[in-house]
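# Breakdown of the fold
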Amino acid sequence: MPLDSVSGVFYEVYGEGKPLLIGLPLMASFTQIFGSGLQGVLDGYLGRLTDRYRVLLVDYPSIGGSRDIAPEDLTVDRVCQDILTVATAAGFDRFAYWGYSWGAAVGLQLAARADRLSALVLGGWPPLGAPYEGILQATRLKQANPEPSSLKVLRSKEQYRQWETYYASMLTWPEATAVARICCPKMVFFGGDGDLVEAGIPIRIASIIREQRVALVKQGWTVHEVPGHGHGVCMAPELVVSPVRAFLDQALC
């Protein structure tokens, strides 16, 4: 597994064909972090994609084999630069990006800031009207006691502060203007029951995407809902890969 000497990010590349970077919850060290019991999730993604796509997985941020990043350094600027740098190291010039939840929030920033994305897929995050302030507040409240699922991925409880840094750095981002300028093919998908409550704070995700559906379609977004599933739908490749693959196949033909 190579280490990009500039960004300090470990990465793996699978398959041949059109370049596709997939972010969290997939990662280069997926099986080492989650255990062999979830190998089927990784295989479910790669087995449905690598016949036509060269898939780049990264250990980011500060997980798996990647170098540490100080929590106070994980700003939007830093994250976008690191993702573009490791993509270059993997031989990706223009590439499709697919991220889920936090990874989707990152994808929006990449698409708004750089001209290297050939397509954009967001899962479990609204492109418009996203609850940045609410999730920042929830992150601050959870500092003392992060959920076990987060600590399974992160190196330490202290590292959880990086999410506060990231979302705080986005509060002045001109979302509506920036999203309207994204011109690559773009898709958002979500579990129909994907609203959350974090630290007692409602984090509306599915509801916001439904409310914004008309505006998103007018801006050229493909919107796909997976009924009856929550925010964890990303761990069900049998449900999400097929519609995303259909979108990518058409967008990148």
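Please refer to the structure placed before this passage.
The following refers to the structure shown. (Residues numbered from 1 in each chain as written. Predicted model: local features only at pLDDT ≥ 70, side-chain atom pairs only at ≥ 80, totals over all residues. Heavy atoms only, no water.)

## What about the overall build of the protein chain?
Rules: Under the DSSP-based scheme used, a helix requires at least four consecutive residues in state H or I and a strand at least two consecutive residues in state E, with every element numbered from the N terminus. For the exposure calls, accessible area comes from a 1.4 Å probe over protein chains only, and a residue counts as buried if that area is under 20% of its type's maximum, exposed if over 50%, partly exposed in between. Each accessible area value is a Shrake-Rupley result obtained with a 1.4 Å probe; residue values ignore everything except the protein chains displayed when judging cover. Only four residue types enter the tally: Lys and Arg on the positive side, Asp and Glu on the negative side, with His and both chain ends excluded. For the purpose of locating charges, the reference atoms are NZ of Lys, CZ of Arg, CG of Asp and CD of Glu.
Along the backbone of the protein chain there are eleven helices and nine strands. A total of 253 residues make up the protein chain; the buried ones form 55% of that total. For the protein chain, the accessible surface area stands at approximately 10400 Å², while carbon and sulfur atoms represent 52% of it. Within the protein chain, the 25 negative side-chain charges are centred at a point lying 4 Å from the centre of the 22 positive side-chain charges.

## Some thoughts on the nonpolar core
What counts is decided by this rule: Nonpolar core, defined: a set of buried Ala, Val, Leu, Ile, Met, Phe, Trp, Tyr and Cys residues in which side-chain atoms within 4.5 Å join the residues together. Pairs of residues are marked as contacts when any of their non-hydrogen atoms sit within 4.5 Å.
Ranked by size, the top nonpolar core spans 91 residues in total, and within it Trp98, Trp102, Leu108, Leu120, Trp125, Tyr166 and Leu248 carry the most contacts. Aside from chain neighbours lying at most four places away, what touches Tyr166 is Leu74, Thr75, Val76, Val79, Trp102, Ala105, Val106 and Gln109.

## Some remarks on the side chain of Thr165
Along the chain, Thr165 turns up in helix H7 (residues 161–168). Excluding residues that lie within four positions of it along the chain, Thr165 makes contacts with Pro71, Glu72, Asp73, Leu74 and Thr75.

## A few points about empty space enclosed by the protein
Heads up, the condition is: The distinction between a cavity and a pocket rests on a 1 Å grid over the protein atoms alone: a 1.4 Å probe fits inside a cavity but cannot get out, while a pocket stays open yet meets protein on both sides within 12 Å along at least five of seven lines, and a residue with an atom within 4 Å of a point counts as lining. Grid points are joined across faces, edges and corners, and a volume is the space filled by probe spheres set on the points.
Within the structure shown, the criterion is met by three cavities of 30 Å³ or more. The space that makes up the largest cavity amounts to roughly 80 Å³.

## Observations concerning the side chain of Arg245
Quick note on the threshold: Here a polar contact is taken to be a pair of N or O atoms separated by no more than 3.5 Å, where protein atoms must pair a possible hydrogen donor with a possible acceptor and residues adjacent in sequence count only if both atoms sit in side chains.
Among the structural elements, Arg245 can be located in helix H11 (residues 237–251). Within polar-contact distance, the side chain of Arg245 engages the side chain of Asp51 at 2.7 Å. Setting aside chain neighbours within four positions, we find Arg245 in contact with Arg48, Leu49, Asp51, Arg52 and Tyr53.

## Details of the packing of aromatic side chains
Heads up, the condition is: Two aromatic rings, drawn from Phe, Tyr or Trp (for Trp, its six-membered ring), form a pair once their centres lie within 6.5 Å of each other, and the interplanar angle then sorts them: stacked below 30 degrees, edge-to-face above 60, tilted otherwise.
Inspection of the entire model under this criterion finds twelve aromatic pairs. On the basis of an interplanar angle of 85 degrees and a centroid distance of 6.3 Å, the ring pair of Trp98 and Phe189 is categorised as edge-to-face. A residue pair is termed long-range when its members are at least 10 positions apart, and Trp98 in strand S4 (residues 95–100) and Phe189 in strand S6 (residues 186–191) qualify at 91 residues. As far as the burial class goes, Trp98 and Phe189 line up, both buried. Following the ring pairs from residue to residue traces out a cluster consisting of Tyr60, Trp102, Trp125, Tyr132, Trp163, Tyr166, Tyr167 and Trp173.

## Describing helix H5 (residues 132–141)
Buried residues of H5: Tyr132, Gly134, Ile135, Leu136, Ala138 and Thr139, and no others. For H5, the elements touching its buried residues are helix H4 (102–113), H7, helix H8 (175–180), strand S7 (196–198) and strand S8 (201–203).

## Topic: H11
Counting along an α-helix, one turn takes 3.6 residues, and residues three or four places apart therefore face a common direction. Definition in use: Take the number of residues in a helix, subtract one, and multiply by 1.5 Å to get its expected span.
A rise of 1.5 Å per residue sets the reference length of H11, with its 15 residues, at 21 Å; its end C-alpha atoms lie 20 Å apart and thus fit the reference within 8%. If you check which residues of H11 are buried, you get Pro237, Val240, Val241, Pro243, Val244, Arg245, Phe247, Leu248 and Asp249.

## A look at the pattern of salt bridges
What counts is decided by this rule: Any Lys or Arg side-chain nitrogen found within 4 Å of a carboxyl oxygen on Asp or Glu counts as a salt bridge.
Tallying each qualifying case throughout the model produces 14 salt bridges. Of the charged contacts in the structure, one is a salt bridge between Glu211 and Arg204, with a shortest N-O distance of 2.2 Å. Look at Arg204 and you get partly exposed, because its relative accessible area is 33%. When salt bridges with common partners are traced through the structure, they connect Asp51, Arg52, Arg245 and Asp249 into a single cluster.

## Re the state of the cysteines
To be explicit about the condition: Only a pair of cysteine sulfur atoms within 2.5 Å qualifies as a disulfide here.
Evaluation of the coordinates by the stated rule reveals zero disulfides. In this model Cys80 remains outside any disulfide bridge; the closest cysteine sulfur is found in Cys184, 13 Å from its own.

## Some points on the packing of helix H3 (residues 76–89) against H4
Selection criterion: Lines fitted to the C-alpha atoms define the axes, with helices restricted to the stretch that makes contact. Angles between their N-to-C directions range from 0 to 180 degrees. We call two directions roughly parallel when the angle between them is under 35 degrees, roughly antiparallel when it is over 145, roughly perpendicular when it lies between 65 and 115, and oblique otherwise. Residues are grouped as follows: Ala, Val, Leu, Ile, Met, Phe, Trp, Tyr, Cys and Pro are nonpolar; Asp, Glu, Lys and Arg are charged; all remaining types, including Gly, are polar.
Their axes nearest at 10 Å, the elements H3 and H4 cross at an angle of 80 degrees. As judged from the angle between their axes, H3 and H4 are roughly perpendicular. Listed contacts from H4 to Val76, Asp77, Val79, Cys80, Ile83 and Leu84 of H3 are Trp102, Val106, Gln109, Leu110 and Arg113. Residues of the contact of H3 with H4, tallied by class, amount to eight nonpolar, one polar and two charged.

## Focus on the layout of surface pockets
In this structure, the largest pocket spans a volume of roughly 860 Å³. As for the largest pocket, its lining consists of 31 residues, and the residues nearest its centre are Ser101, Glu147, Ser149, Ser150 and His231. Only H5, helix H6 (148–153), H7 and S7 provide two or more residues apiece to the lining of the largest pocket. Class assignment of the residues belonging to the lining of the largest pocket gives a composition of 22 nonpolar, six polar and three charged. Of the voids in this model, the second largest pocket is the one considered here, and its volume is about 160 Å³. Lining the second largest pocket, in full, are Arg94, Ala111, Ala112, Ala114, Asp115, Leu117, Ala178, Arg181, Ile182, Cys183 and Cys184. Here the residues of the lining of the second largest pocket are counted per class, giving eight nonpolar, no polar and three charged.

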